[in-house]
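As a plain string of letters, each chain reads:
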Amino acid sequence: MTEFNKIIEKIEKNIDYQRPQAFGIGIATIDTNGCLLDSYFPSPSFQTNFATAAILANLFGYKNGTHSYQVSNEQISEILSYFTPFENDGKEHANIDLLKSLQKFMQSPNENRKVIVVSFIASAENDSGPQEVPDAYLRLHLLSHRLVKPHGINLKGIFNILPNIAWTSEGAIALQDLPLRKMEAMTTGRSLQVHSIDKFPRMTDYVIPSGVRIADGSRIRLGAYLGEGTTIMHEGFVNFNAGCEGPNMIEGRISAGVFVKKGSDLGGGCSTMGTLSGGGNIIISIGENCLLGANSGLGIPLGDRCTIEAGLYLTAGSKVLFEGKILKAKDFSGKNDLLFRRNSQTGNIEVLSKTNSVELNTILHSN
């Protein structure tokens, strides 16, 4: 153990070495040209496991920044040799167990569509966003594993990094390879189903967070953050870099960049404005114990214990009546204990102070 610690100390004392804020060991799918399509990281690390990061960095020559590497079986054996002192200590070592499993998997003579990858993400102050497919997927995994919350890691430029591919019953397939793979499946009596053509896969194909219920996995993208006790009904949708703290009842849409705090209920068909389309730079959030009524919409940050009545779409520029004055909805951003409704006689949007709070059914959220 002393020798192991000396190795780590020597690596970390290198003047050019900077601890990555995150790293992951995973398995990636490649197309017929050898291009990486996706990456699966079962046990990503965020601001932890720095000794393992140092060993990996030393092997691949990593010093700093965001970089990804393909790993051979021989290199896995070399990595594992450093961890011999930990083999019989009676503790769980997720990355060591993962490396052993990946080594066995890659020894299969029929496996020619997968490669092992290691990806490092630069320290927060030097992170300029995704650089390659593996580190883009690592960032999405960190979100869905609840290691970072939405806006907790740089995703700038991720659309330019991720390829648009076919998500099928046999995993990720490059669009140019799909006809041949369909023929291959048909001639061997298999049914190859195409679920979607997209840059982002379903979260449930990569990460299953504990304590959640998801009625339709196709409506949750990888990179969604779902807190413990969250229920996503059939009409619910959660984009990447978005999500909810939990427990929450979600029957509406959580757009990219939106985060919902605990105890809030998004009614059927309701909508939240994201930050992707139209260049919007206002980050929408929903406080604790709020209710968005069915088919309502939200375009401002909402404080705690607020309600938007069914069918009311509230944009930042909406004119609202409050105590005899006409104001803009954005003037109420982040304010607590408010009811937004449309007067059925005048048609005006009104804001009223309220004292009652939304309470979720605890039985429904014991997931």
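In this text the structure is predicted, and so the values were computed from the model without any measurement.

Undergrad: Give me the overall build of the protein chain: which residues, what numbers.
TA: Secondary structure assignment for the protein chain yields seven helices and 27 strands. With the principal axes as the frame, the protein chain shows a C-alpha extent of 75 × 55 × 40 Å. For the protein chain, with 367 residues in total, the buried portion stands at 48%. Long-range pairs, those at least 24 residues apart, make up 53% of the contacts in the protein chain with a sequence separation of at least 6. Total accessible area on the protein chain is roughly 17,400 Å²; 48% of this is exposed by carbon and sulfur atoms. Charge centroids of the protein chain, computed over 34 positive and 36 negative side chains, lie 5 Å from each other.

Undergrad: Would you mind going over the packing of helix α1 (residues 2-12) against helix α2 (residues 50-60) in detail, with residue names and values included?
TA: The packing of two helices is summarised by the inter-axis angle and the distance between the axes. Direction vectors running N to C along α1 and α2 enclose 70°, while the axes themselves pass 9 Å from each other. By the criterion of interaxial angle, the relationship of α1 to α2 is roughly perpendicular. When the axes of α1 and α2 are compared, the crossing they make is left-handed. Residue-level inspection shows F4, I7, I8, I11 and E12 of α1 in contact with α2, the latter providing F50, A51, A54, I55 and N58. Each residue belonging to the contact of α1 with α2 can be placed in one class, and the counts come to eight nonpolar, one polar and one charged.

Undergrad: Before we move on, can you summarise the sheet that holds strand β16 (residues 259-260) with the specific residues and values?
TA: Read from one edge to the other, the open sheet built from four strands follows the order β10-β13-β16-β19, with strand pairing classed as parallel. Only two strands of the sheet have a single neighbouring strand rather than two, namely β10 (224-226) and β19 (285-286). Strand direction decides the pairing type here: strand β13 (residues 242-244) and β16, joined by two bridges, are parallel. Each residue of the ladder has a partner; that of C244, found in β16, is V260.

Undergrad: Now, about the nonpolar core: what can you tell me, with residues and values included?
TA: In this structure, I254, L302 and F340 are the most contacted members of the largest nonpolar core, which totals 66 residues. Here the element with the most residues in this core is helix α5 (residues 133-144); it accounts for seven residues. When residues no more than four places from it in sequence are discounted, the contact partners of I254 are F237, V238, N239, A242, G243, C244, V260, L266 and T272. Formed by 28 residues, the second largest nonpolar core is a distinct cluster that contains I11, F60, V71 and L102.

Undergrad: Please set out the domain arrangement of the protein chain residue by residue, giving values where relevant.
TA: Where interface size is quoted, it is often the accessible area lost as the parts come together. Assigned domains of the protein chain: these are domain 1 (3-157), domain 2 (164-198) and domain 3 (203-353). Taking only C-alpha atoms, the centre of domain 1 and the centre of domain 3 are 35 Å apart. Facing the 15 residues of domain 1 at the interface are 21 residues of domain 3. A combined buried area of about 1,500 Å² lies between domain 1 and domain 3, and 61% of that area is made up of carbon and sulfur atoms. By the criterion of area lost to domain 3, the three top residues of domain 1 are S144, R146 and H151, representing 44% of everything that side buries. Taken together, the connections running from domain 1 to domain 3 amount to one salt bridge. Of the charged contacts in the structure, one is a salt bridge between R146 and E228, with a shortest N-O distance of 3.3 Å.

Undergrad: Before we move on, could you go through the pattern of salt bridges and cite the residues and values that matter?
TA: For the coordinates displayed, the defined rule picks out 13 salt bridges. The partner of R139 in a salt bridge is D135, with the nearest N and O atoms 3.0 Å apart. Taken as a pair, R139 and D135 lie in helix α5 at a separation of four residues, close to a single helical turn. With relative accessibility at 0%, the residue D135 sits in the buried group. R181 is paired through a salt bridge with E170; the nearest N and O atoms lie 3.6 Å apart. In this pair, R181 is assigned in helix α7 (residues 178-187) and E170 in the loop between β6 (165-168) and β7 (171-173), connecting sequence segments 11 residues apart. Among the charged side chains, a salt-bridge network with shared partners connects R113, E170, R181, E184 and R190.

About the criteria used
- Residues numbered from 1 in each chain as written.
- Predicted model: local features only at pLDDT ≥ 70, side-chain atom pairs only at ≥ 80, totals over all residues.
- Heavy atoms only, no water.
- Helix = DSSP H or I, 4+ residues; strand = E, 2+ residues; numbered from the N terminus.
- Buried < 20%, exposed > 50% of the residue type's maximum accessible area, 1.4 Å probe, protein only.
- Contact = heavy atoms within 4.5 Å.
- Areas by Shrake-Rupley, 256 points an atom, 1.4 Å probe, with all protein chains shown as cover.
- Lys, Arg positive; Asp, Glu negative; His and termini not counted.
- Charge placed at Lys NZ, Arg CZ, Asp CG, Glu CD.
- Axes fitted to C-alpha atoms, helices over the stretch in contact; angles between N-to-C directions.
- Parallel < 35°, antiparallel > 145°, perpendicular 65-115°, else oblique.
- Left-handed = near helix turned anticlockwise from the far one by under 90°.
- Nonpolar A, V, L, I, M, F, W, Y, C, P; charged D, E, K, R; others polar.
- Pairing = 2+ DSSP bridges.
- Core = buried A, V, L, I, M, F, W, Y, C linked by side-chain atoms within 4.5 Å.
- Domains from an automatic or database assignment.
- Buried area = accessible area lost by both parts, 1.4 Å probe.
- Salt bridge = Lys/Arg side-chain N within 4 Å of Asp/Glu carboxyl O.

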